[in-house]
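Chain and residue survey
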Amino acid sequence: VLSFQYRILGRVHTLIGRLAVQNRTFEADGLDAVTHAITEARAAGDHELAAMYDAQQADEIVHIRFANDWIKLEVARNPRALMAMGQALALAARGFQQTFDRDGSRVSKYGVAEDLRSQAGFSADEIEGAVAMTERRRAAVRGDSA
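Thresholds applied
Residues numbered from 1 in each chain as written. Predicted model: local features only at pLDDT ≥ 70, side-chain atom pairs only at ≥ 80, totals over all residues. Heavy atoms only, no water. Helix = DSSP H or I, 4+ residues; strand = E, 2+ residues; numbered from the N terminus. Rg over C-alpha atoms; globule rule 2.2 N^0.38 Å. Buried < 20%, exposed > 50% of the residue type's maximum accessible area, 1.4 Å probe, protein only. Lys, Arg positive; Asp, Glu negative; His and termini not counted. Charge placed at Lys NZ, Arg CZ, Asp CG, Glu CD. Salt bridge = Lys/Arg side-chain N within 4 Å of Asp/Glu carboxyl O. Expected span 1.5 Å × (residues − 1). Arc of directions from axis to C-beta. Contact = heavy atoms within 4.5 Å. Axes fitted to C-alpha atoms, helices over the stretch in contact; angles between N-to-C directions. Parallel < 35°, antiparallel > 145°, perpendicular 65-115°, else oblique. Left-handed = near helix turned anticlockwise from the far one by under 90°. Nonpolar A, V, L, I, M, F, W, Y, C, P; charged D, E, K, R; others polar.

Time to look at the overall build of the protein chain. Secondary structure assignment for the protein chain yields six helices and zero strands. Computed over C-alpha atoms, the radius of gyration of the protein chain comes to 16 Å, within 12% of the 15 Å expected from 2.2 N^0.38 for 146 residues, which places it in the range of a compact globule. The C-alpha extent of the protein chain, read off along each of the three principal axes, is 50 × 35 × 30 Å. Of all 146 residues assigned to the protein chain, the portion counted as buried reaches 38%. For the protein chain, the distance from the average position of its 18 positive side-chain charges to the average position of its 20 negative side-chain charges is 9 Å.

Here we come to the pattern of salt bridges. Any two side chains of opposite charge can pair if their charged atoms end up close together. Taken as a whole and assessed by the stated rule, the structure comprises five salt bridges. Among the ionic pairs, Asp69 bridges to Arg65, the shortest N-O distance being 3.3 Å. Pair noted here: Asp69 and Arg65 are both in helix 3 (residues 47–77), with a separation of four residues, about one helical turn. With a relative accessible area of 33%, Arg65 lands in the partly exposed category.

As a further point, take helix 4 (residues 81–99). Over its 19 residues, helix 4 extends 27 Å from the first C-alpha to the last, a length consistent with the 27 Å expected when each residue adds 1.5 Å. Where helix 4 is concerned, the buried positions are Ala81, Ala84, Met85, Ala88, Leu91, Ala92 and Gly95. End-on, the buried residues of helix 4 take up no more than an arc of 125 degrees, which puts them together on one face. For helix 4, the exposed residues lying more than 90 degrees away from the buried face are Met83 and Gln87. On its buried face, helix 4 is in contact with helix 1 (3–9), helix 2 (15–43) and helix 3.

Glancing now at the packing of helix 2 against helix 3. When two helices pack together, their arrangement is given by the angle between their axes and by how far apart the axes lie. It is the contact of helix 2 with helix 3, at a shortest axis distance of 8 Å, that shows an interaxial angle of 155 degrees. When the axis of helix 2 is compared with that of helix 3, the two are roughly antiparallel. For the pair helix 2 and helix 3, the crossing hand works out as left-handed. Counted by class, the contact of helix 2 with helix 3 contains 20 nonpolar, eight polar and six charged residues.

Listed below in C-alpha cells is the structure:
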C-alpha cells in the first residue's frame, strides 16, 4: 500500500467505503498494473518475476471480487449504503488529486485489464467507464485533445 493510499483509507470510516476505495479502486488499478508488468517481464525474459506477478494478479482478482460481491449484497440490503460509498470515493478522488496534480491527468497509465476486471465482478458498464477514463488520461498525458 502506497503512503497516500494508507492516508486516504485512514479517513474512510465505513466498511463499504473502505472496500470501494481499497479493493474496487486501488486494487483494481493494481490489477491493471500487474497485468501490464507481466507482459513486460515476459518480454524481458524474466520468467521468475512474471510468475510472481501472476500470483499477485490472482490475489488481486480475489480481493476485488470479494468487495464487489459484498457491496452488491449490502446495497440490496441497505440502499443508503451507496451514500457512504460515494462519500468515500469522493474523499479518495480529492486525495488522489492532491497527490497527482489537479485532476490526475498527468499520470501516465497502462490499459485496463478488461477480462480480468470482469472475472473480478465488475459489470460491463463499469469496465467501459474505466476504459474511457483511462483513455482520456492517456490522451491528456500525450497532449491529445481527446
